[in-house]
Amino acid sequence: MWDRLWINARLATMTDGAPYGALAEGALASADGKIAWVGPQGELPGTPAELAREVIDLEGRWVTPGLIDCHTHLVYGGNRAREFELRLEGASYEEIARAGGGIRNTVKATREASEEELRAGALPRLKSLLAEGVTTVEIKSGYGLNLETELKQLRVARSLGKELPVTVSTTFLGAHALPPEFEGDSDGYIDAVCAMMPEVASSGLADVVDAFCETIGFSYEQTKRVFQAARDNGLPVKLHADQLSDLEGAKLAADFGALSADHLEYTSESGAQAMAEAGTVAVLLPGAFYFLRETKQPPLEAFRSAGVPIAIATDSNPGSSPATSLLLMLNMACTLFRMTPEEALLGVTRHGAQALGLRESRGTLEVGKVADLCIWNIESPAELAYRIGFNPLVTAVKDGRDVVSGAV
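Summarised in this report is the structure supplied together with it. From a predicted model like this one, the values you see are computed outputs, not experimental measurements. (Residues numbered from 1 in each chain as written. Predicted model: local features only at pLDDT ≥ 70, side-chain atom pairs only at ≥ 80, totals over all residues. Heavy atoms only, no water.)

## So, the pattern of salt bridges
Line of reasoning, step 1. Across all of its chains, the model carries 26 salt bridges by this definition.
Line of reasoning, step 2. Its salt-bridge partner being Lys369, residue Glu366 comes within 3.3 Å of it at the nearest N-O pair.
Line of reasoning, step 3. Given the relative accessible area of 6%, Lys369 is considered buried.
Line of reasoning, step 4. Its salt-bridge partner being Arg387, residue Glu383 comes within 2.8 Å of it at the nearest N-O pair.
Line of reasoning, step 5. Residue class for Arg387 comes out partly exposed when judged on its relative accessible area of 34%.
Line of reasoning, step 6. Three or more residues are tied together by salt bridges with common partners; here these are Glu138, Lys140, Asp210 and Lys238. (Salt bridge = Lys/Arg side-chain N within 4 Å of Asp/Glu carboxyl O. Buried < 20%, exposed > 50% of the residue type's maximum accessible area, 1.4 Å probe, protein only.)

Have a look at this one:
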């Protein structure tokens, strides 16, 4: 027998075919934490009572895959509310960064914080995401900028996945900014990041390597060195690319077969084409676009035309996107970038999984994938992107078990 069987469900499987991969009168079963059966209820191979130990009647509610936030910086010390004030008083993000604020401000606080303090700070942020049905989340380091603190962040990130019912994918972002002890010597710091790579890899604490290729970050050539070191140590890569300028970061990411390139406001058509050919996902971050009051939109039509999968994420971080609502990002993706609600939902399910290299195990409702589900009190999947500040989650299911009960 199956462990559980959900009946009288409307399923947004997020597979190809009908919009949202929808099944209007569907059923879904789980066994041993994985999806064991999914399809039209009328095609069940028997009565519900004889098929499963537990039968749940959803009374027409919608079911989607568990949501995936594929780009966050959840583990850090302090906050940057004062910089928010400074920007509103006229200072730019770049001016604050060049004056020693920005990421460096958070680096100081993160270095000084204990693992327990970092964990205590990250828990409420992660719980906020879980309350909206997030079952998989990526968490980056990048606020240590030395081996000791980078590993400290990664350990905390790993521990969060053990403490809460969520799958955590970890990313080593040593090449995030130039630490104060390397002032004026960015090449020297890249040497240091590359030297960290063997220990990062052997620790097993990082699933992926990331870098910030930008005018206020690191150059194309410096980023290439980081990626080569990652490749030499058997780690896949992703990239903060083309956020403030076009340094051909999208092309560089594609050249290394990156899982994703993220931000991408200034990506060229040729960069989009390179990403398509490499299978690199475009991760759009509307929270940062909104918070920094940017005006240059990502080249959505170029991504569509080239066939680049598009994911959406919170970019939850203290400086440019202090967001802990993935549902709000769906609305922002539609209102700011003119994505469709279906594209946005794909961005936090199927394409979000692909951006983490997890497409084979999650992101769609298909037999054999993990039984990570969200049950919603909505009339159509588009409602998830339509509403602002409302959470229609009824239940989140992780590995076949109910882990979050919503407010509706």
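## A few points about the packing of aromatic side chains
Line of reasoning, step 1. Under the criterion given, the structure shown has seven aromatic pairs.
Line of reasoning, step 2. Summarising the aromatic geometry, the rings of Trp2 and Trp37 are spaced 6.3 Å apart at their centres and angled 35° between planes, so their arrangement reads as tilted. Of the two residues, Trp2 sits in strand β1 (residues 2-12) while Trp37 sits in strand β3 (residues 34-40), which places them 35 residues apart along the sequence. This pair shows no difference in class: Trp2 is buried, exactly as Trp37 is.
Line of reasoning, step 3. Geometrically, the ring pair formed by Phe227 and Phe256 is edge-to-face, given 5.5 Å between the ring centres and 70° between the ring planes. With Phe227 in helix α8 (residues 220-232) and Phe256 in the loop between α9 (249-255) and β11 (260-263), this pair connects stretches of sequence that are 29 residues apart.
Line of reasoning, step 4. Looking at Phe227, the relative accessible area reads 0%, which means it is buried.
Line of reasoning, step 5. Put simply, the rings of Phe182, Tyr189 and Phe218 pair up and form one aromatic cluster.
Line of reasoning, step 6. Note that Arg125 overlies the ring of Tyr76, its terminal NZ or CZ placed 3.8 Å from the centroid. (Phe/Tyr/Trp six-rings, centres within 6.5 Å; stacked < 30°, edge-to-face > 60°. Helix = DSSP H or I, 4+ residues; strand = E, 2+ residues; numbered from the N terminus. Lys NZ or Arg CZ within 6 Å of the ring centre and 35° of its normal.)

## Focus on the sheet that holds strand β8 (residues 167-175)
Line of reasoning, step 1. If you trace the eight strands from one edge of the open sheet to the other, you get β6-β7-β8-β9-β10-β11-β12-β13, paired in parallel fashion. A strand with exactly one partner marks an edge of an open sheet, and here the two such strands are β6 (67-69) and β13 (310-312). Averaged over all neighbouring strand pairs, the angle between strand axes comes to 25°, with direction disregarded.
Line of reasoning, step 2. Here two bridges tie strand β9 (residues 208-213) to strand β10 (residues 239-241), and the two strands are oriented parallel to one another. If you follow Phe212 over to β10, its bridge partner there is His240.
Line of reasoning, step 3. In the packing of helix α7 (residues 186-203) onto the sheet, contacts are made with β8 and β9, and the angle to β8 comes to roughly 145°. (Pairing = 2+ DSSP bridges. Axes fitted to C-alpha atoms, helices over the stretch in contact; angles between N-to-C directions. Contact = heavy atoms within 4.5 Å.)

Nothing here speaks to function; it is geometry throughout.
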